[in-house]
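Structural overview
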Amino acid sequence: MKNNRITGAEGLIKSLLCEGVDLVFGYPGGAIISVYDKLYDYRDQLKHVLVRHEQGAIHAAQGYARITGRPGVVIVTSGPGAANVVTGLSDAIADSTPLVVITGQVASAYLGTDAFQETDVVAMTQQITKWSIQIRHADDIPDAVARAFYIASTGRPGPVVIDIAKDAQIGMMEWNHDVCNYIRSYNPDPDLSTDDVEDVARMINEAERPIIVSGHGVMISGAEDQLREVAERGNIPVASTLLGLSTLPTGHPLFTGMVGMHGNIAPNVALSRADLILAVGMRFDDRVTGDIHNFARQAHIVHVDIDNAELNKNVKVSKAIQADARKFLSALAPLIASRQRSPWFEMFKKFDKIEREEIIDSEVHPETGMMKMGEVINLVADKVGDDAVCVTDVGQNQMFAARYFKCRSPRAFISSGGLGTMGFGLPAAIGAKMGDSTRTVCLFVGDGGLQMTIQEFGTILQEHVDVKIILLNNNFLGNVRQWQELFFGGRFSQTPMINPDFVALAAAYGIKGEDVTDRCRLSDAVDRMLASDGSYLLNVAIDATDMIFPMVPSGDPGNRILLSQYKILNY
C-alpha cells in the first residue's frame, strides 16, 4: 500500500496547487521556514515572488487579484511578518479583494508565552478579514485551505488568513484535498426574486430621469456586458464610483463620468435631480454621498448588492435587493423598454460644457507654466493601447488618473478605494503585470506614495517585471497640500518634501528612466517609455500648486461644487 503521509508544509503546497494557484507573493522567516523549504521542491509548479517587504507582498497580491479575478496568495512569517500585512488586509476588506494570506506561527506549546516573534494573528485580523483561523495540527491544513479559497472568492470577496503553527508545518499527515463548494450557514449566492426584478424594470421604464451608478461589484461579478445591455436598451446614463471605473468604457456615449468628491460635475448634479437611481455593487460611502442626510432625497433609489450588510446601511433606499450584480442585470435587461429621455441628456450636456470650459481645457491643454497632472495622464492615455491598465497610488495622482485615464476595456483601473492606502501603487502594479503579462500596466504615482514602498524596485529587478511608472512629482504631499491651501489658510505643515534623484535610484535597480521638466519633451518621453522593453520611470516635474477640481468639500450636501480655489458652482 502506498504511503501518502507527508508533512503539513508539503500538504499546504499541494493544497494550493489543487486550488489552481501558480503564483504566490511572500517573504520567508523562521516560523514559516518549513513551508519555504518544501516550496523548493515545487518551484517548477508554484512560482514564488520574493518581495522586499510584506506590505509589498499583500499589495502585489491585491493587484494580481484585481486584474485576474482570482484570489491573490501571500505567505509570510509570524510576528512582524504577519503584522506587516495588516494594512493590506484592511485595504482588501474595504475593496472586496479576494486574498488568501498564510502566516507562520510559533509552535503550539509556546502560544501565549510571548515567544520570539509571536503575535496573536487571529485576534489581530478577525475584524479585517472574512475568516481567520489558526491551525495547530497538520491534518487540518487541507480543509482550511479549501474553505479559505471558497470564502475568499464567493459572495462579496475578501481576504482570509490561515495562521499555521510550526508543529503543524512539520507534523505528518495523510494528505487529501477536496475543493470546498459549500459551508453550512454561509450563503454566498442568494436567490433572486423575479418579482423584485420586475418591480425594478417597471420603475426604470416609468422614470423620466433615471441614472445607473456602477460600482466595483459590477467588475467583481464580471457584469460589464450586462450593464451595457441594460443601459443601451433603456437609453440610461451611467456613472461610476472610483472602483467602478472601466465597467463601461470611458468613451461609451452613455458613460457620464465618475461620481463623488472629485467626480464629474454632470453625474454629481444628476444624483440630485434624478427621479430614479439604480445603484449596483457600490456602498454609498461618504466620498460619494457627501452630506448623507440630504443625499438624493428626490429620487427613488434601488440598491443592488451581494452583501446584505450594505443595504440600507448608509442610505435608506426605496428598494434593496441582495443579489449578484451579473445575475440581477442579466434578469433585468430583457424587461427594459427603450426611451429617448432627450431633456435628461440635455442636462448632462450643459454641465459637461461647464466642466470642459472651467476645468478640463486648462488642465489638459495648459498654455504656460509648469506641467499639470491632467495633461500628463491624458497624453499617456491617448498613446497606450485599448487594453492598457491604469494602476494608481493614493492622492492627487489617483484622482487625476480617475478623471483623465481612458478605460477602454474591463478591469482597466486598479486603485485603493475604501482605505486610501499610500504605497499601494507600485506593488499593486507589479502584481497586476504578473497576473496578466499581455496588458500594458501604467502606474501613476506621487513622490510621497512611491517612497512608501519604493523598495519594491528590488522585486522589479529580480523578476524582470515590465511596469511603466509615471511619477507625478510636485515635491509635496499634494492632496494634503490642497486641503491646507483651501481650508487651512495655506499653512503647509509637513507637506513639502525634499526628494532623492528618482531616476538615479531607479537606475540602481536596473530600471531605465528619465527626468521630464519641459512640456516640449513630454510626448517623446512617453513614446520612449511605452516603446521600451522592461520597466521605465518617467519623473515628471509637476506644478506644486496644481489642484484637483471639481471638488465637493467633505460633508457638503453636494449642491455646491468648487470649480477652482476661487470659483463655486451652486445648483
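Bear in mind that the values here come from a model prediction, so they are computed numbers and not experimental data. Think of each chain on its own: its residues are numbered from 1, step by step along the sequence as written. Per-residue local features of the predicted model are confined to residues with pLDDT of at least 70, and side-chain atom pairs are confined, for both listing and counting, to 80 or more; whole-chain, interface and lining totals are unaffected and use all residues. Values reported for side chains reflect all heavy atoms of the structure, with hydrogen atoms and water molecules removed beforehand.

Before going further, it helps to examine the overall build of the protein. Looking only at helices and strands, the protein has 23 helices and 22 strands in total. Its C-alpha radius of gyration of 24 Å places the protein within 12% of the 25 Å reference for a compact globule of 571 residues. Its C-alpha atoms put the protein at 75 × 60 × 40 Å along the principal axes. Residue exposure (1.4 Å probe, protein chains only): buried if accessible area is under 20% of the type maximum, exposed if over 50%, otherwise partly exposed. Evaluated residue by residue, the protein yields a buried proportion of 59% over its 571 residues. For this analysis, residues touch if any pair of their heavy atoms sits within 4.5 Å. When contacts within the protein are restricted to residue pairs at least 6 apart in sequence, long-range pairs at least 24 apart make up 75% of them. Residues scored as positive are Lys and Arg, those scored as negative are Asp and Glu, and His as well as the terminal groups of each chain are ignored. For charged residues, the charge sits on one atom: NZ in Lys, CZ in Arg, CG in Asp, CD in Glu. Mean positive and mean negative side-chain charge positions of the protein (51 and 68 charges, respectively) differ by 3 Å. Strands are runs of DSSP state E lasting at least 2 residues, helices are runs of H or I lasting at least 4, and numbering of each runs from the N terminus. With C-alpha atoms as the basis for the radius of gyration, the globule rule is written as 2.2 Å multiplied by the number of residues raised to the power 0.38.

Moving on to helix α17 (residues 396–404). The buried fraction of α17 amounts to nine of the nine residues, a majority that puts the element mostly inside the structure. Within the span of α17, buried status applies to Gln-396, Asn-397, Gln-398, Met-399, Phe-400, Ala-401, Ala-402, Arg-403 and Tyr-404.

A word on the packing of helix α11 (residues 224–234) against helix α14 (residues 325–332). Axis definition: a line fitted to C-alpha atoms, limited for helices to the stretch in contact. Angles are taken between N-to-C directions and run from 0 to 180 degrees. Close contact between α11 and α14 brings their axes to 9 Å; oriented N to C, the two are set at 30°. The two elements α11 and α14 meet at a crossing, and its hand is left-handed. Between α11, through Gln-226, Leu-227 and Val-230, and α14, the contact on the second element is made entirely by Arg-326, Leu-329, Ser-330 and Leu-332. By definition, any crossing whose near helix is turned counterclockwise from its far helix by less than a right angle is left-handed, and any crossing with a clockwise turn is right-handed.

Now for the nonpolar core. Counting 105 residues, the largest nonpolar core has Leu-278, Phe-328, Leu-332 and Phe-444 as the members making the most contacts within it. In terms of residue count, helix α15 (residues 342–364) provides more of this core than any other element does, seven residues in total. When neighbours within four sequence positions are excluded, Phe-444 is seen to be in contact with Ile-377, Val-380, Cys-390, Val-391, Thr-392, Asp-393, Asn-397, Ala-401, Phe-405, Ile-470 and Leu-472. Remark: nonpolar core denotes a set of buried residues (Ala, Val, Leu, Ile, Met, Phe, Trp, Tyr, Cys) joined through side-chain atoms within 4.5 Å.

The next point concerns the packing of aromatic side chains. Side-chain rings of Phe, Tyr and Trp, where Trp is taken by its six-membered ring, are said to pair if the distance between their centres is within 6.5 Å; with planes under 30 degrees apart they count as stacked, over 60 as edge-to-face, and otherwise as tilted. Tallying each qualifying case throughout the model produces eleven aromatic pairs. Centroid distance Phe-284 to Phe-295: 5.7 Å. Interplanar angle 70°. Geometry classified as edge-to-face. A residue pair is termed long-range when its members are at least 10 positions apart, and Phe-284 in the loop between β12 (276–280) and α13 (286–289) and Phe-295 in the loop between α13 and β13 (300–305) qualify at eleven residues. Residues Phe-284 and Phe-295 agree in their burial class; the two are buried.

The two faces of a sheet get side chains in turn, since along a regular strand they alternate between them. The buried fraction of strand β7 (residues 159–165) is high, at seven of seven residues. Burial along β7 is two-sided: Pro-159, Val-161, Asp-163 and Ala-165 facing one way and Val-160, Ile-162 and Ile-164 facing the other are all buried. A strand pair is defined by DSSP finding two or more bridges across the two strands. Pairing of strand β5 (residues 99–105) with β7 involves seven bridges; the strand directions are parallel. Bridge pairing in β7 places Gly-104 opposite Ile-164. Two strands pair when backbone bridges link them, and strand β6 (residues 131–135) and β7 are joined in this way by five bridges, in the parallel orientation. Bridging from a neighbouring strand, Trp-131 pairs with Val-160 of β7.

As a further point, take the sheet that holds strand β2 (residues 23–26). Spatially, β3-β2-β4-β5-β7-β6 is the arrangement adopted by the six strands of the open sheet, whose pairing is parallel. On the outer flanks of this sheet lie β3 (47–50) and β6, each paired with one strand and no other. Strand-to-strand twist across the sheet, computed as the mean angle between neighbouring axes with direction ignored, equals 20°. Judged from the five bridges that link them, strand β4 (residues 72–76) and β5 form a sheet pairing that is parallel. Residue pairing in the sheet places Val-74 in a bridge with Val-101 of β5.

We now examine helix α7 (residues 141–153). With 13 residues, α7 extends 18 Å from end C-alpha to end C-alpha; this agrees with the ideal 18 Å at 1.5 Å per step. For α7, every residue scored as buried is listed here: Ile-141, Pro-142, Ala-144, Val-145, Ala-146, Ala-148, Phe-149, Tyr-150, Ile-151 and Ala-152. Just downstream of α7, Gly-155 is the residue with a positive phi angle, here 60°. Multiplying 1.5 Å by the residue count of a helix minus one yields the expected span of that helix.

A cis amide bond links Phe-549 with the next residue in sequence, Pro-550, at an omega value of 0°. Mapped onto the secondary structure, Pro-550 falls in the loop between β20 (536–541) and β21 (560–562). One non-glycine residue, Ser-246, adopts positive backbone phi at about 90°.

Turning next to the sheet that holds β20. Taken in spatial order, the six strands make up an open sheet running β16-β15-β17-β18-β20-β19, and their pairing is parallel. The two strands at the open ends of the sheet, each matched to only one other strand, are β16 (413–414) and β19 (512–516). Bridging between strand β15 (residues 389–392) and β16 involves two bridges; their strand directions are parallel. The partner of Cys-390 across the bridge, within β16, is Phe-413. Its contacts with the sheet place helix α16 (residues 373–383) against β17 (441–446), β18 (468–473) and β20, and it is angled at close to 165° to β18.

Now for the pattern of salt bridges. Between Lys or Arg on one side and Asp or Glu on the other, a salt bridge is scored when a side-chain nitrogen of the former is within 4 Å of a carboxyl oxygen of the latter. Counted according to the given criterion, the structure contains 28 salt bridges. One salt bridge in this structure joins Asp-196 and Lys-319, with 3.0 Å as the shortest N-O distance. Highlighted residues: Asp-196 in helix α9 (residues 194–206) and Lys-319 in strand β14 (residues 319–322), separated in sequence by 123 residues. What makes Asp-196 partly exposed here is its relative accessible area of 22%. The salt bridge involving Glu-310 is made with Lys-313; its shortest N-O contact spans 3.0 Å.

Our next topic: the side chain of Thr-453. Relative to the helices and strands, Thr-453 resides in the loop between α19 (447–452) and α20 (457–463). For Thr-453, the side chain forms a polar contact with the main-chain oxygen of Gly-423, separated by 2.8 Å. With sequence-adjacent residues up to four places away left out, Thr-453 is seen in contact with Gly-423, Leu-426 and Pro-427. As used in this structure description, the phrase polar contact means that two N or O atoms lie within 3.5 Å; if the pair is within protein, one of them must be able to donate a hydrogen and the other to accept it, and residues adjacent in sequence are counted only when both atoms belong to side chains.

A few words on the packing of helix α3 (residues 54–68) against helix α18 (residues 425–435). Where α3 meets α18, the closest approach of the two axes is 6 Å, and the angle between their N-to-C directions is 45°. It follows from the interaxial angle that α3 and α18 lie oblique. Considering how the two elements wind past one another, α3 and α18 form a crossing that is right-handed. Residue-level inspection shows Gly-56, His-59, Ala-60, Gly-63, Tyr-64, Ile-67 and Thr-68 of α3 in contact with α18, the latter providing Pro-427, Ala-428, Gly-431, Ala-432, Met-434 and Gly-435. Of the residues belonging to the contact of α3 with α18, the class tally is seven nonpolar, six polar and no charged. Orientation labels follow simple angle bins: below 35 degrees gives roughly parallel, above 145 gives roughly antiparallel, 65 to 115 gives roughly perpendicular, and whatever is left gives oblique. Residues were grouped as follows: Ala, Val, Leu, Ile, Met, Phe, Trp, Tyr, Cys and Pro as nonpolar; Asp, Glu, Lys and Arg as charged; and all remaining residues, including Gly, as polar.

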